[in-house]
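Given next are the chains, with one letter for each unit.
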Amino acid sequence: MRSITALFFLFCFLAPSALAQLRFGFYGRSCPRAESIVANVVANRFRRDRTITAALLRMQFHDCFVRGCDASLLIDPRPGRPSEKSTGPNASVRGYEIIDEAKRLLEAACPRTVSCSDIVTLATRDSVALAGGPRFSVPTGRRDGLRSSPNDVNLPGPTIPVAASIQLFAAQGMNANDMVTLIGGGHSVGVVHCSLIQDRLADPAMDRSLNARLRNTCRAPNDPSVFLDQRTPFIVDNAIYGEIRRQRGVMRIDQNMGLDRSTRGIVSSFAQNNALFRKRFAEAMVKMGTIKVLTGRSGEIRRNCRVFNNGR
């Protein structure tokens with residue numbers, strides 16, 4: 001209860017405009033089983049596939065950092081009408097079927113009540129807890145966006161400089177601490193294709209034993225993938241920060257966070273204190289979930305997360 005209360009006050013402080021509409025327990029009366037329905041869908045999938053945590057974390061990040069947390073990423077492209085989903089950075093985003101299943105059950109229980117953007121937020125939160133990460137409450141009441149265009153997509157690549165990444169996060173109302181928390185936390189359970197880490201494999205500063213192991217894996221055909229966190233790849237924890245401190249960051253942006261003067265202190269503090277990381281990760285996830293949200297009469301509540309209600 002203490003952690004939930006702390007997050008509530010943090011939320012009040014960080015996002016007073018969103019607080020006017022977003023609130024904890026938003027569906028308490030309109031759809032009392034909303035959160036449990038989503039949690040059951042996620043838990044059933046997690047039992048079969050522990051990689052869904054990384055998939056859902058990436059989905060929420062890629063959605064919120066384009067037009068805000070409005071589920072615009074979920075819209076399917078159509079002939080002559082591309083969407084965010086059809087762009088290069090989003091081509092490998094997966095887990096849409098989890099959102100579809102939750103939406104189908106929610107429409108049966110409470111038609112036209114729970115937004116797709118809230119489903120993404122809740123499903124991601126639940127998957128983090130299942131993967132050993134912090135348990136936390138998230139405010140709900142988001143509505144779904146009415147636009148999804150590839151022209152809006154401007155997401156950070158794996159080699160983005162730290163300064164540029166800080167600027168990108170600042171544009172979304174987030175700071176350097178949030179950046180290190182969300183990138184490191186997201187990568188604690190993720191994988192990356194070998195084609196995206198060639199710069200790191202060519203870096204003489206990279207830990208030699210790790211470099212040799214990754215090179216051996218990456219010799220295989222069809223662009224294989226490797227874990228970003230070599231120690232605990234299925235657990236949301238602080239292990240990746242310790243790896244970064246030992247020049248074992250697999251992706252360039254991860255390693256740069258450990259070297260840059262503006263972020264290396266944050267990396268070091270997380271590497272030494274998992275409790276601190278868990279607290280900050282929960283706070284940053286709540287904060288990210290408030291980026292440019294639509295509430296009240298804005299947007300819509302989609303009946304199908306892949307299609308706007310008017311069918312366009």
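Worth saying up front: this structure is predicted, and the values here are computed from it rather than measured.

(A) How the structure looks around the UniProt feature "binding site: Ca(2+) 2" (unreviewed entry) in the protein. Under the local residue numbering, the UniProt record ascribes the feature "binding site: Ca(2+) 2" (unreviewed entry) to Asp229, Thr232 and Asp237. Looking at where Asp229 falls in the secondary structure, it is placed in the loop between strand 2 (225–227) and helix 11 (239–245). Once you skip the residues sitting within four places of it in the chain, Asp229 turns out to touch His187, Ser188, Asp237, Ala239, Ile240 and Glu243. At 3.0 Å, the side chain of Asp229 forms a polar contact with the backbone nitrogen of Arg231. Overall, the relative accessible area of 18% leaves Thr232 in the buried class. In contact with Thr232, other than residues within four places in its own chain, are Ser188, Asp237 and Ala239.

(B) Geometry of the side chain of Arg302. Its place among the elements puts Arg302 in the segment after helix 14 (274–288). When its relative accessible area of 0% is taken as the criterion, Arg302 is described as buried. Here the side chain of Arg302 touches Asp70 through a polar contact of 3.5 Å, landing on its backbone oxygen.

(C) Structural view of the domain arrangement of the protein. The domains assigned to the protein are domain 1 (31–150) and domain 2 (160–286). Facing 19 residues of domain 1, the contacting portion of domain 2 comprises 16 residues. In total, about 1,500 Å² of surface goes out of reach between domain 1 and domain 2, with carbon and sulfur atoms giving 75% of it. Seen at the junction of domain 1 and domain 2, the total is zero salt bridges. Scanning the region where domain 1 abuts domain 2 turns up three residue pairs in polar contact (both at pLDDT 80 or more). If you list the elements that add at least two residues to the side of domain 1 that touches domain 2, you get helix 4 (52–67) and helix 6 (116–130). The leading source of residues in the side of domain 1 that touches domain 2 is helix 4, at seven residues. Residues that form the side of domain 1 that touches domain 2 fall into these classes: 11 nonpolar, seven polar and one charged.

(D) Representation of the packing of helix 4 against helix 14 within the structure. The contact between helix 4 and helix 14 brings their axes to 11 Å, and the two run at 45°. Here helix 4 is positioned oblique relative to helix 14, judged by the angle of their axes. Residues Leu57, Gln60, Phe61, Cys64 and Phe65 of helix 4 form the contact with helix 14, whose own contacting residues are Phe281, Met285 and Met288. Of the residues contributing to the contact of helix 4 with helix 14, the split by class is seven nonpolar, one polar and no charged.

About the criteria used
Within each chain, residues carry numbers counting from 1 in the order of the written sequence. Selection of residues for local features in this predicted model requires a pLDDT of at least 70, selection of side-chain atom pairs for listing and counting requires 80 or more, and totals for whole chains, interfaces and linings are taken over all residues. Excluding hydrogens and water, the side-chain values take into account all heavy atoms of the structure. UniProt positions are given in the numbering used here, feature names are shortened, and annotations may be inferred rather than shown by experiment. Secondary structure elements are defined from DSSP: runs of H or I of at least 4 residues count as helices, runs of E of at least 2 residues count as strands, and each element is numbered from the N terminus. Only heavy atoms enter the contact rule, under which two residues are in contact if any of them lie within 4.5 Å. Under this definition, polar contacts are N or O atom pairs within 3.5 Å; protein pairs additionally need one hydrogen-donor-capable and one acceptor-capable atom, and for neighbouring residues in sequence, both atoms have to be side-chain atoms. Exposure categories follow from relative accessible area, calculated using a 1.4 Å probe and restricted to protein chains: below 20% of the type maximum is buried, above 50% is exposed, and the middle band is partly exposed. Reported domain spans reflect what an automatic or database domain assignment gives. Two parts placed together each lose some accessible area; with a 1.4 Å probe, that loss summed over both constitutes the buried area. A carboxyl oxygen of Asp or Glu within 4 Å of a side-chain nitrogen of Lys or Arg is what we treat as a salt bridge. Here the nonpolar group is Ala, Val, Leu, Ile, Met, Phe, Trp, Tyr, Cys and Pro; Asp, Glu, Lys and Arg are the charged ones; every other residue, Gly included, is treated as polar. Under this scheme, a helix contributes an axis fitted over its contacting stretch, all axes are lines through C-alpha atoms, and angles between N-to-C directions fall in the 0 to 180 degree range. Comment on the angle field: the value is read as roughly parallel under 35 degrees, roughly antiparallel over 145, roughly perpendicular from 65 to 115, and oblique elsewhere.

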